[in-house]
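Chain residues, written in single-letter form:
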Amino acid sequence: MLSYVNNKFCSLDNAKISVNDRGYQFGDAVYEVILYKDGKFLDMEGHLKRLRKSMSRIDFELNISDSAIKTIIKRLVTENNLKYGSIYIQVSRGEYFRDHSYFNMPLKPILVILTKKIKEKFKIVVPGIKVFTTLDTRWSNPDIKTTQLLPNVLAKTEGMKNGFGEALFLDDNSYITEGSSSNFWILDKNNILNTRSLDGKILAGITRDSILNCAKNKKIKVLEKKISLDDIKTCKEAFITSASSFVTPVVQVDEMIINSGLVGEFSNLLRKTYLELNDWFISKLNNISNLKEKVLIVIPIINNYKIFKDSFYYRDNIDSRKSETISLVNAMKVNVLEVLNIKINNFSSANLFNKNKLVYISEVIQK
Ligand code: PDD
């Protein structure tokens, strides 16, 4: 079937879109569906107009005119022998190395047009259907790490355009939920670390979890609670956490300057602790040469730094693989202080070491 993909005609089998297409990675794309009925496109003008409007609403435009789009569609319909069918048009912002903000990115929108045959003639009279009601949840499940990231992309880019490094989302009551691609923290006036609890309004950050444990390990008090703008006015420090930014100090929120605009010592300490722990892992894992076909689970136990450093387990049945694990650990010249019998409930892997087929479990398991 002939299609128009990535700004050129090609057979559907040979169609190629980069996996760095922002539509694929962020939902950073718009689309239309137009029905075709025996020589006629239903509401073509309305659909093309809305396509332009959708693009403009999310801040990009396509340099291909409506008449050129119509010409492409007509050729597809003719060559694909369409009598009844639908035309799917999608335009993504373009393709580039993944980053939420598209500010200053060299992007060219990517147009895709596909046709689908509908065998039967559209019926004039059809039977009724049953429908049900459900809550409008579009999109109120930020705790699910989906690629539906357009609001995050737009917020981050608006921030970048105005000189901010991150955008913080507010809930209906003006409490901060989280950053567009990070979790948010403050050190409050009583020297207690605050971060929002996992109340369904934030992503359960893997880094957040590690930092919670780093903080506990460093005897810093932590309270998982909602953070208001007033809390920020009186806080001593603030920072964000994420896999890509680790711990990044925040010195200003809107007009509010934190810690006289200076990076605070707690933020620094947590960043340092976090990076040192991960450096240790990476250096150890780089030394493993004989693991090509095996999967290794690395369990950080941050509450006890020594055990954290020296605990390695195979996947599957931990008990039966215990001796194998010990010899592996010995082969790595790691000093095993204690082999814990740990049950893994929640397999949250971060594919950090995918190349070697290694899996890093960043879930922190209490001793
Ligand atoms: N984003 N909240 C949101 C909305 C995020 O997108 C992220 C991470 C986090 C922090 O989660 P973690 O510590 O597991 O990385 C919180 C990644 C870095 C991204 O989309 O690039």
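None of these values were measured; they are calculated from a predicted model.

(A) Molecular detail of the confidence of the model for the protein. Of all residues in the protein, 75% attain a pLDDT of 70 or more, and the chain-wide mean is 80. Segment residues 280-367 is flagged for pLDDT under 50; beyond a separation of four residues in sequence, or across chains, it makes 147 contacts in the model.

(B) Geometry of the sheet that holds strand β12 (residues 237-242). Reading across from one edge, β11-β10-β9-β12-β13 is the order of the five strands in this open sheet, with mixed pairing throughout. Of all strands in the sheet, those with a lone pairing partner are β11 (222-224) and β13 (246-250), marking the two edges. Going across the sheet, the axis of each strand differs from the next one's by a mean of 25°, ignoring polarity. Bridging between strand β9 (residues 183-187) and β12 involves five bridges; their strand directions are antiparallel. Paired with Asn-183 across the two strands is Thr-241, which belongs to β12.

(C) Representation of the environment of Pro-249. Note on placement: Pro-249 falls in strand β13. Along the sequence, Pro-249 and Ile-186 sit 63 residues apart, while their C-alpha atoms lie 9.7 Å from each other. The contacts of Pro-249, once residues within four sequence positions are left out, are Ala-238, Phe-239, Val-263 and Ser-267.

Definitions and limits used
Residues numbered from 1 in each chain as written. Predicted model: local features only at pLDDT ≥ 70, side-chain atom pairs only at ≥ 80, totals over all residues. Heavy atoms only, no water. pLDDT = per-residue confidence, 0-100. Contact = heavy atoms within 4.5 Å. Pairing = 2+ DSSP bridges. Helix = DSSP H or I, 4+ residues; strand = E, 2+ residues; numbered from the N terminus. Axes fitted to C-alpha atoms, helices over the stretch in contact; angles between N-to-C directions.

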